[in-house]
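# Commentary on secondary and tertiary structure
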Amino acid sequence: METILYPTGTGAERSAAVRAAARLLRAGELVAIPTETVYGLAANALDPAAVETIFRVKGRPNDNPLIVHIADLPALDDVVREVPESARKLAERFWPGPLTMILPRDPRIPDATTAGLDTVAVRMPSHPVARAIIRASGLPIAAPSANLSGLPSPTTAAHCMRDLSGKVPAVVDGGACEFGVESTVITLAGETPRLLRPGAVTLEQLRETLGEVEVDPAVTGRLAEGQAAASPGMKYKHYSPKAEVTLVRGSAAAFRAYVNALPGEGIYAMVFSGEGEGLAKPFFEYGAEGDHLTQARELFLLLRQLDDLGARAVYVRTPATDGVGLAVYNRLIRAAAFHFVELGGPAGREDTNE
Ligand code: AMP
Ligand code: MG
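The model shown is predicted, which means the values in this text are computed figures rather than measured ones.

### Looking at helix α11 (residues 325-335)
The element α11 is extensively covered by neighbouring structure, given that eleven of its eleven residues are classed as buried. Listed in full, the buried residues belonging to α11 are G325, L326, A327, V328, Y329, N330, R331, L332, I333, R334 and A335. After α11 finishes, the residue A337 shows a positive phi value of roughly 50°.

Here you go:
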């Protein structure tokens, strides 16, 4: 299959791309589309065969449910059984935007989409091209990240082409993603709202809106063997480049001394802006220490670049976990398969839920 890359730079290109994507989606085909978080691999959420193709193309485990994307609020009633007050409040403040809510599913949504759960994940993206495509399709759109399962999520159309060329009929190029990490996921299906995956909508903002919000243990730690995952996606190794990633805790100076002393080739460092001086290894900066939005935007891009360079090992300065930092931290601990080095403490110690 030849994959057509649709530009959206001009108004005419954009309408042509939207029309083509909507036609493909209605025909049960897959299309990679830009969103403000990462690129999504879109299909008709009501069509089990189309949804199964998503799982096959990505190599995604079947028990990892998909997020259903809608273009406007009335469409919410078509995909969920009931909309609690908490969901209305969150929608009012954060939709359209990078927030996914888990709600009781409407029977119209097939098992293939929710992995058989009686809940469904719903999001209204803000990216104008994504919204135009969803609206033109007239369908709820299932869309996980448009990468092969396990690889870093794609934040440009070129990444999508890398992973999916020849496997899907179309990729729509909407430029680089604004946030660069996947949406915040909160479940409203239980007693108390619970954060399942941190993203650009922060825990602090959710608490401002709802009051009490629990944090799932999988957000900052590794699930024990056999422990049930509230969000099935959290149990899988994720976002991993081929290079071995290690998170390093400690000061910038301690980091520099540690990394400089490492023997061997193919070792790279990922540091905060302005920290490269004095490093004897090649390094990338991924934003200022306090600038979590830039860190989030750069993260997957850099992980992919490091693979292109043939990096063997990558040592990363650990971000703080306030605000969007929690999302950056959450992706990094998975990219690192929970491998930490504590400078001044025991090496390789696993993270606990702090
Ligand atoms: P992705 O589409 O790859 O960004 O991942 C979607 C995330 O949402 C995964 O971690 C899923 O496990 C999670 N998710 C989707 N639907 C549900 C649901 N009904 N209940 C809990 N988690 C869900
Ligand atoms: Mg994904």
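Now that the structure has been shown, the text picks up again.
### A short note on the pattern of salt bridges
Across all of its chains, the model carries twelve salt bridges by this definition. Across the pair R93 and E208 runs a salt bridge whose closest N-O atoms are separated by 3.1 Å. Of this pair, R93 sits in helix α4 (residues 85-94) while E208 sits in helix α8 (residues 203-210); the two residues are 115 residues apart in sequence, bridging distant segments of the chain. The class for R93 is partly exposed, based on a relative accessible area of 40%. Taking relative accessible area as the criterion, E208 reaches 57% and is therefore assigned exposed. Counted as one network, the salt bridges with shared partners bring together R194, E214 and D216.

### Concerning empty space enclosed by the protein
All told, the structure shown has one cavity of 30 Å³ or more when counted by the stated rule. Approximately 30 Å³ is the volume found for the largest cavity. The wall of the largest cavity is formed by L195, P198, G199, V201, T202, L203, G323, L326 and A327.

### Overview of the sheet that holds strand β13 (residues 267-271)
Pairing is parallel across the open sheet formed by five strands, whose spatial order is β14-β13-β15-β12-β16. What marks the edges here is a single partner per strand, and that holds for β14 (283-285) and β16 (340-342). Between one strand and the next, the sheet's axes are offset by a mean angle of 25°, whatever the strand orientation. Where β13 lies against β14, three bridges are found, and the strand directions are parallel. When the sheet's bridge partners are listed, A269 is paired in β14 with F283. Where helix α9 (residues 252-260) meets the sheet, its contacts fall on β12 (244-249), β13, β15 (313-317) and β16, and the angle it forms with β15 comes to roughly 165°. Along the sheet, helix α10 (residues 292-308) makes contact with β12, β13, β14 and β15, crossing β13 at roughly 170°.

### A word on the sheet that holds strand β5 (residues 99-104)
If you trace the eleven strands from one edge of the open sheet to the other, you get β1-β8-β2-β3-β7-β4-β6-β5-β9-β10-β11, paired in mixed fashion. In this open sheet, the two strands that pair with only one neighbour each are β1 (4-6) and β11 (214-215).

### Topic: the site of ligand 1
The environment of ligand 1 is made up of 18 residues, and the closest members are R60, N64, T119, R197 and G233. Measuring from an oxygen atom of ligand 1, one finds a side-chain N or O atom of N64 at 2.8 Å. Take R197: an N or O atom from its side chain is 2.8 Å from an oxygen atom of ligand 1. Comparing atom positions with the cavity grids shows ligand 1 to sit within the largest pocket. Contributing elements (two or more residues each) for the shell around ligand 1: β6 (119-123) and β10 (194-197). No other element matches β6, which puts three residues into the shell around ligand 1.

### Regarding the packing of aromatic side chains
Per the stated rule, a full pass over the model turns up four aromatic pairs. Plain terms: the ring middles of Y258 and Y315 are 6.0 Å apart, the flat faces sit at 65° to each other, and that makes the pair edge-to-face. Of the two residues, Y258 is situated in helix α9 and Y315 in strand β15; the sequence distance between them amounts to 57 residues. Arranged with centres 5.3 Å apart and planes meeting at 25°, the rings of F272 and Y286 form a pair that is stacked. Placement of the pair is F272 in the loop between β13 and β14 and Y286 in the loop between β14 and α10, with a sequence separation of 14 residues. The same class applies to F272 as to Y286, namely buried.

Rules behind the numbers
Residues numbered from 1 in each chain as written. Chains lettered and ligands numbered in written order. Predicted model: local features only at pLDDT ≥ 70, side-chain atom pairs only at ≥ 80, totals over all residues. Heavy atoms only, no water. Buried < 20%, exposed > 50% of the residue type's maximum accessible area, 1.4 Å probe, protein only. Helix = DSSP H or I, 4+ residues; strand = E, 2+ residues; numbered from the N terminus. Salt bridge = Lys/Arg side-chain N within 4 Å of Asp/Glu carboxyl O. 1 Å grid on protein atoms, 1.4 Å probe; cavity = no way out; pocket = protein on both sides within 12 Å on 5 of 7 lines; lining within 4 Å. Points joined across faces, edges and corners; volume = space filled by probe spheres on them. Pairing = 2+ DSSP bridges. Axes fitted to C-alpha atoms, helices over the stretch in contact; angles between N-to-C directions. Contact = heavy atoms within 4.5 Å. Near = heavy atom within 4 Å. Polar contact = N/O pair within 3.5 Å; in protein donor to acceptor, adjacent residues only side chain to side chain. Sits in = over half its atoms within 2 Å of the grid points. Phe/Tyr/Trp six-rings, centres within 6.5 Å; stacked < 30°, edge-to-face > 60°.

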